Amino acid sequence: MQLASLVRNETGVDNAPTVVMLHGVFGRARNLGILQRALSPYFNTVAFDLRCHGDSPHAPISYPEMAKDVLESMDALGIEDAYIVGHSMGGKTAMATALTAPERFKKLLVADIAPDIMIHGQHDLAQQLYHTPLPALNSHAEIRKFLHDLTEDPSVGELIAQHITPGNPARWNIGVTDIVASFPVIQSWPDVFKGKTWDGPALFIRGGNSPYIKPQHHDVIRSYFPQADIKTIPNTGHWLHVEDPTSFNSLMLEFLRG
């Protein structure tokens, strides 16, 4: 499957390295703009809409299939090798892609997720959204209010609002059915990668207040990525790159440029 993408080639340098960027569940490529801007002086960047998200096709979700999506989309853009960065579901996809085609990646950066079963807080939200019919919502302001009332969390409402098109009734432009049906898969880690390793430089960045990477996950991470370094950004949760972009971008640039 070829994925929709946002490409920034602004370095002015011939043969500048490329960074592939992957968002989390309910996200899309344009949510990674702040990271692309931080990288753009030094790297070409491409942020993909993963399947069922943004402008990409909808289909059942699995990490082996999403890894194939990323590789096919890199082929379509003529990207032979790259650095790869992913957050949450996108982080698992980045890991799966590096394990699937290790020769195509120079460095791996994963934000707040481990190659293990992870119970995503968005599961209950996905069920709620799926079973709540969209009413007439004739503006983005009405969409945001509807989601704020539903989720009681403005940041989550803003994230989800990008996937609803105003109308009477409003409609989803995200593959909600496939996402909800695939949530057990999204939370899991496939057995097909057991025993595989990727020996390149890897950095895992966790939020200090996030439950997603715990001490018991460190050995699991290094069983797949023996060279992994694990760092923490204090006073941040799962959305660490949004909550403290200065610290996240500093660690990202230090790692990718080092």
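Whatever comes next refers back to the structure up there.
My aim in this report is to walk through the structure given alongside it, one point at a time.

Quick notes on the rules
Residues numbered from 1 in each chain as written. Predicted model: local features only at pLDDT ≥ 70, side-chain atom pairs only at ≥ 80, totals over all residues. Heavy atoms only, no water. Helix = DSSP H or I, 4+ residues; strand = E, 2+ residues; numbered from the N terminus. Rg over C-alpha atoms; globule rule 2.2 N^0.38 Å. Buried < 20%, exposed > 50% of the residue type's maximum accessible area, 1.4 Å probe, protein only. Contact = heavy atoms within 4.5 Å. Areas by Shrake-Rupley, 256 points an atom, 1.4 Å probe, with all protein chains shown as cover. Lys, Arg positive; Asp, Glu negative; His and termini not counted. Charge placed at Lys NZ, Arg CZ, Asp CG, Glu CD. 1 Å grid on protein atoms, 1.4 Å probe; cavity = no way out; pocket = protein on both sides within 12 Å on 5 of 7 lines; lining within 4 Å. Points joined across faces, edges and corners; volume = space filled by probe spheres on them.

**Quick word on the overall build of the protein**
Thought 1: Within the protein, the regular secondary structure consists of eleven helices and nine strands.
Thought 2: A compact globule built from 258 residues would reach a C-alpha radius of gyration of about 18 Å, and the protein, at 18 Å, matches this within 12%.
Thought 3: Overall size of the protein, expressed as C-alpha extent along the three principal axes, is 50 × 45 × 35 Å.
Thought 4: Across the 258 residues of the protein, 55% fall into the buried class.
Thought 5: If you take every contact in the protein between residues at least 6 apart in sequence, the share linking residues at least 24 apart comes to 77%.
Thought 6: Here the protein has roughly 11000 Å² of accessible surface; of this, 50% comes from carbon and sulfur atoms.
Thought 7: Looking at charge distribution, the protein has the averaged site of its 20 positive side-chain charges lying 2 Å from that of its 27 negative ones.

**Focus: the layout of surface pockets**
It is the rolling of a water-molecule-sized probe over the atoms that shows where space remains empty.
Thought 1: One number sums up the size of the largest pocket: a volume of about 340 Å³.
Thought 2: Ser155, Val156, Leu159, Trp239 and Val242 are the residues nearest the centre of the largest pocket, which is lined by 15 residues in total.
Thought 3: Secondary-structure elements contributing two or more residues to the lining of the largest pocket are α6 (154–161) and α10 (240–243).
Thought 4: Here the lining of the largest pocket gets four residues from one element, more than from any other, and that element is α6.

**Comments concerning the environment of Leu251**
Thought 1: In this structure, Leu251 sits in helix α11 (residues 245–257).
Thought 2: Its relative accessible area of 15% is what places Leu251 among the buried residues.
Thought 3: Sequence separation between Leu251 and Lys107 is 144 residues; the distance between their C-alpha atoms is 13 Å.
Thought 4: Discounting chain neighbours no more than four positions away, the residues touching Leu251 are Leu203, Ile205, Lys231 and Ile233.

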